[in-house]
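# A closer look at the structure
The primary structure of each chain is shown beneath.
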Amino acid sequence: MKMGRIVSIGECMGELSETGSPGTLSMGFAGDTLNTAYYLRHSLGKDWQVDYVSAVGTDGLSDRMVDFLNNEGIGTEHVRRLADKTIGLYYITLKDGERSFTYWRNDSAAKRLASDPAALNHALEGADLAYWSGITLAILSNQDRLTLIEALGQFAGKGGTVVFDPNLRPRLWDNPETMRGWVHRAAAVSDLCLPSFEDEATWFGDADPTATAKRYQEEGARRVIVKNGADDVTFAASSGEVSRISVPSVKHLVDTTAAGDSFNAGYLASELNGASVQDAVSAGARLAGRVIGARGALVPNAVKPV
């Protein structure tokens, strides 16, 4: 069994959702990079350490989030506590399995997760893999975006593996052009990019998944895996060779929340344990299929150890 340390960088938020009882909401915790960290933690053996890198407040809701992470076995040593901030919240609306979100995150402490370069570098020290997303990048100031990209570039230069999901969310950015520029800068320091074709076609105008893969490689990513819903995954190897990999069909769709996040975790967990790209893609698709067959971002019984 292999072992190592993974750091996932980003924002965990309070998740509000309907309980089925009119006027009653339940609250959990989720967020794209946290979702992936959660599924990595539950997919990998205990010889793997999974840490979350973020910032929260010192209020009771922030305490509950940190307790949740600790209880799930996700390390919180590098979750900074900021007395003048709190955590963000979002509310999920579901219709025919597709979700929409309402956010309250203006005072989110996670917007300052990269404001202390020394703390950021300390969090990366000794890690084997760093995972982050376009949402991580979007919530930061320009200076903190530069700080994070520089830190990850240095991490990669020392032999660390950087994995990036562009997770395009234009409403988090000043404008689409700004988003496109920063996402490409992020790709330049990443070993593996995990974009979703539908978003890439919409915001970059890619004609097909191969065009998406090639574009990210041209920007500096070594390898690219393009997710495309229920259709084949497109893989661009470091050699430049492009192949298509079929994925298992999903028989029961309830909620697409965290579909891509869980795929990423299933893929990475399998690859970290020595699987081929084809087998890792299948593992990611199977995990994502189980996740979208239930409600919510975090589905404990979806995980089967690899």
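Structure first, text after, so check above.
Quick caveat, the model's predicted, so the values are computed rather than measured.

It is worth spelling out the layout of surface pockets at this point. Of the voids in this model, the second largest pocket is the one considered here, and its volume is about 320 Å³. In this structure, the second largest pocket is lined by 19 residues; those nearest its centre are E15, S17, R295, G296 and A297. Broken down by secondary-structure element, the contributors of at least two residues to the lining of the second largest pocket are β2 (13-18), β3 (25-30) and β6 (89-95). Ranked by the residues each element gives to the lining of the second largest pocket, the list is headed by β3, at 5 residues. Across the lining of the second largest pocket, the residue classes tally to 9 nonpolar, 5 polar and 5 charged.

This paragraph deals with the sheet that holds strand β11 (residues 223-226). With mixed pairing, the 9 strands of this open sheet are ordered in space as β5-β4-β1-β8-β9-β10-β11-β12-β13. Two strands lie at the open edges of the sheet, namely β5 (79-81) and β13 (242-245), each paired on one side alone. As defined by bridge partners, strand β10 (residues 192-193) adjoins β11 across 2 bridges and the pair is classed as parallel. By the bridge assignment, L192 is partnered in β11 with R223. Across the sheet, helix α3 (residues 117-124) is in contact with β1 (4-9), β4 (48-56), β5 and β8 (129-133); its angle to β1 comes to roughly 145°.

Here is a general trend for soluble globular proteins: nonpolar side chains tend to be buried in one another's company. Counting residues in each nonpolar core, the largest one holds 54 residues, and the members touching the most others are Y39 and Y267. Top contributing element to this core by residue count: helix α10 (residues 277-291), with 7 residues. Here Y39 is in contact with S262, A265, L287, V291, A297, L298, V299 and V303, once residues within four sequence places are set aside.

Cut-off values and rules
Residues numbered from 1 in each chain as written. Predicted model: local features only at pLDDT ≥ 70, side-chain atom pairs only at ≥ 80, totals over all residues. Heavy atoms only, no water. 1 Å grid on protein atoms, 1.4 Å probe; cavity = no way out; pocket = protein on both sides within 12 Å on 5 of 7 lines; lining within 4 Å. Points joined across faces, edges and corners; volume = space filled by probe spheres on them. Helix = DSSP H or I, 4+ residues; strand = E, 2+ residues; numbered from the N terminus. Nonpolar A, V, L, I, M, F, W, Y, C, P; charged D, E, K, R; others polar. Pairing = 2+ DSSP bridges. Contact = heavy atoms within 4.5 Å. Axes fitted to C-alpha atoms, helices over the stretch in contact; angles between N-to-C directions. Core = buried A, V, L, I, M, F, W, Y, C linked by side-chain atoms within 4.5 Å. Buried < 20%, exposed > 50% of the residue type's maximum accessible area, 1.4 Å probe, protein only.

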